[in-house]
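Listed here are the chains, written in short residue letters.
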Amino acid sequence: MENKIYRITKSEYIASAVKSSQYPAEKLPEIVFIGRSNVGKSSLINSLTNRKNLAHTSQTPGKTQTINFYRVTLKADEPHDFYLVDLPGYGYAKVSKDSRRVWAKFIEEYLLTSREIKFVCQLVDLRHPPMDSDLKMLQWLVEKNLPVLIVATKSDKLSKTERAKNLAVIKKSFGIEELPILPYSSKNNDGHSELLDVIAESLLELQK
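The rules we used
Residues numbered from 1 in each chain as written. Predicted model: local features only at pLDDT ≥ 70, side-chain atom pairs only at ≥ 80, totals over all residues. Heavy atoms only, no water. Salt bridge = Lys/Arg side-chain N within 4 Å of Asp/Glu carboxyl O. Helix = DSSP H or I, 4+ residues; strand = E, 2+ residues; numbered from the N terminus. Buried < 20%, exposed > 50% of the residue type's maximum accessible area, 1.4 Å probe, protein only. Phe/Tyr/Trp six-rings, centres within 6.5 Å; stacked < 30°, edge-to-face > 60°. Expected span 1.5 Å × (residues − 1). Arc of directions from axis to C-beta. Pairing = 2+ DSSP bridges. Axes fitted to C-alpha atoms, helices over the stretch in contact; angles between N-to-C directions. Right-handed = clockwise from strand over helix to strand, strands pointing away.

**Some points on the pattern of salt bridges**
Turning to step 1, where the next piece is worked out: Summed over the entire model, instances satisfying the criterion amount to six salt bridges.
Turning to step 2, where the next piece is worked out: Across the salt bridge formed by Lys41 and Asp86, the nearest N and O atoms sit 3.6 Å from each other. Of this pair, Lys41 sits in helix 1 (residues 41-49) while Asp86 sits in strand 4 (residues 79-86), placing them 45 residues apart in sequence. When sorted by exposure, Lys41 lands in the same class as Asp86, which is buried.
Turning to step 3, where the next piece is worked out: Put simply, Arg127 and Asp125 hold a salt bridge, and the shortest N to O gap is 2.7 Å.
Turning to step 4, where the next piece is worked out: Judged by its relative accessible area of 14%, Asp125 falls in the buried class.

This is the structure:
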């Protein structure tokens, strides 16, 4: 990556969708965030974009109930526009089973039909081993040939030794030796530049 420094210069909420007709009309590359309810997707988006309240955060699992599109400009040698796409959390949420089934249907439709997805960031909590829903989600994404980067959130809550130990546990649990895992802290922005590097590399690949 030639030690370039990438930064996000602009970000804005564009649309919320539960069906394809509500997706943004303008087609741009999409970087998708998915994870268990309350794993920190909205906090990570705010951290990544340096916007305090771009994505609404909540202590209540299940706050995000639509597919939310944020248009973001990444400054490399020249500006590159793309969407950050925040999906509703899977697993436990304080909503009805019927609501979760509806979510699963429109999330699956989006992931299977969007031709703009560059890769999916699957968020897991670094403090704990992956849960069954995490394992099933990764298996599904891999089966559907969607590129995945595991982002292990809340890394600031662990010591350096604990982080290394838990990363090894996560990798072993997922059972994919070459699986990339990026520790991230929305509180102190650890992993911020590394995640921007991955996004930039994905966007710049489009020009080759």
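Read on, since the account is not over.
**Observations regarding the packing of aromatic side chains**
Turning to step 1, where the next piece is worked out: Inspection of every chain in the model, using the stated rule, returns five aromatic pairs.
Turning to step 2, where the next piece is worked out: Between Tyr23 and Tyr110 the ring centres are 5.7 Å apart and the planes differ by 85°, which places this aromatic pair in the edge-to-face class. You can see Tyr23 sitting in the loop between strand 1 (7-17) and strand 2 (30-35) and its partner Tyr110 sitting in helix 2 (residues 97-113), a full 87 residues away along the chain. For the pair Tyr23 and Tyr110, one class covers both residues: buried.
Turning to step 3, where the next piece is worked out: One aromatic cluster is present, built from ring pairs that chain together Tyr23, Phe69, Tyr83 and Tyr110.

**A closer look at helix 5 (residues 192-205)**
Turning to step 1, where the next piece is worked out: Helix length check: helix 5, at 14 residues, gives a terminal C-alpha distance of 20 Å against a target of 20 Å (1.5 Å per residue), a fit within 8%.
Turning to step 2, where the next piece is worked out: Here helix 5 has its buried residues at His192, Leu195, Leu196, Ile199, Ala200, Ser202 and Leu203. Buried residues of helix 5 fall within an arc of 160° about the axis and therefore sit on the same side.

**Topic: the sheet that holds strand 5 (residues 117-125)**
Turning to step 1, where the next piece is worked out: Strand order in the open sheet formed by seven strands is 1-3-4-2-5-6-7, and the pairing between neighbours is mixed. Each end of this open sheet is capped by a strand with a single partner; those strands are strand 1 and strand 7 (181-183). Neighbour to neighbour, the strand axes of the sheet diverge by 25° on average, direction disregarded.
Turning to step 2, where the next piece is worked out: Where strand 6 (residues 148-153) meets strand 7, three bridges bridge the pair, whose relative direction is parallel. Looking at strand 7, one finds that Ile150 is bridged to Ile181.

**Describing the pairing of strand 6**
Turning to step 1, where the next piece is worked out: Buried residues dominate strand 6, accounting for six of its six residues.
Turning to step 2, where the next piece is worked out: The side-chain alternation of strand 6 yields two buried faces, one formed by Val148, Ile150 and Ala152 and the other by Leu149, Val151 and Thr153.
Turning to step 3, where the next piece is worked out: Here strand 5 runs beside strand 6; their pairing, made up of six bridges, is parallel. Across the sheet, residue Asp125 finds its bridge partner in strand 6, namely Thr153.
Turning to step 4, where the next piece is worked out: For the handedness criterion, the β-α-β arrangement of strand 5, helix 3 (residues 132-143) and strand 6 is classed as right-handed.
Turning to step 5, where the next piece is worked out: At this point the chain moves from strand 6, through helix 4 (residues 160-174), to the parallel strand 7, and the crossover so formed is right-handed.

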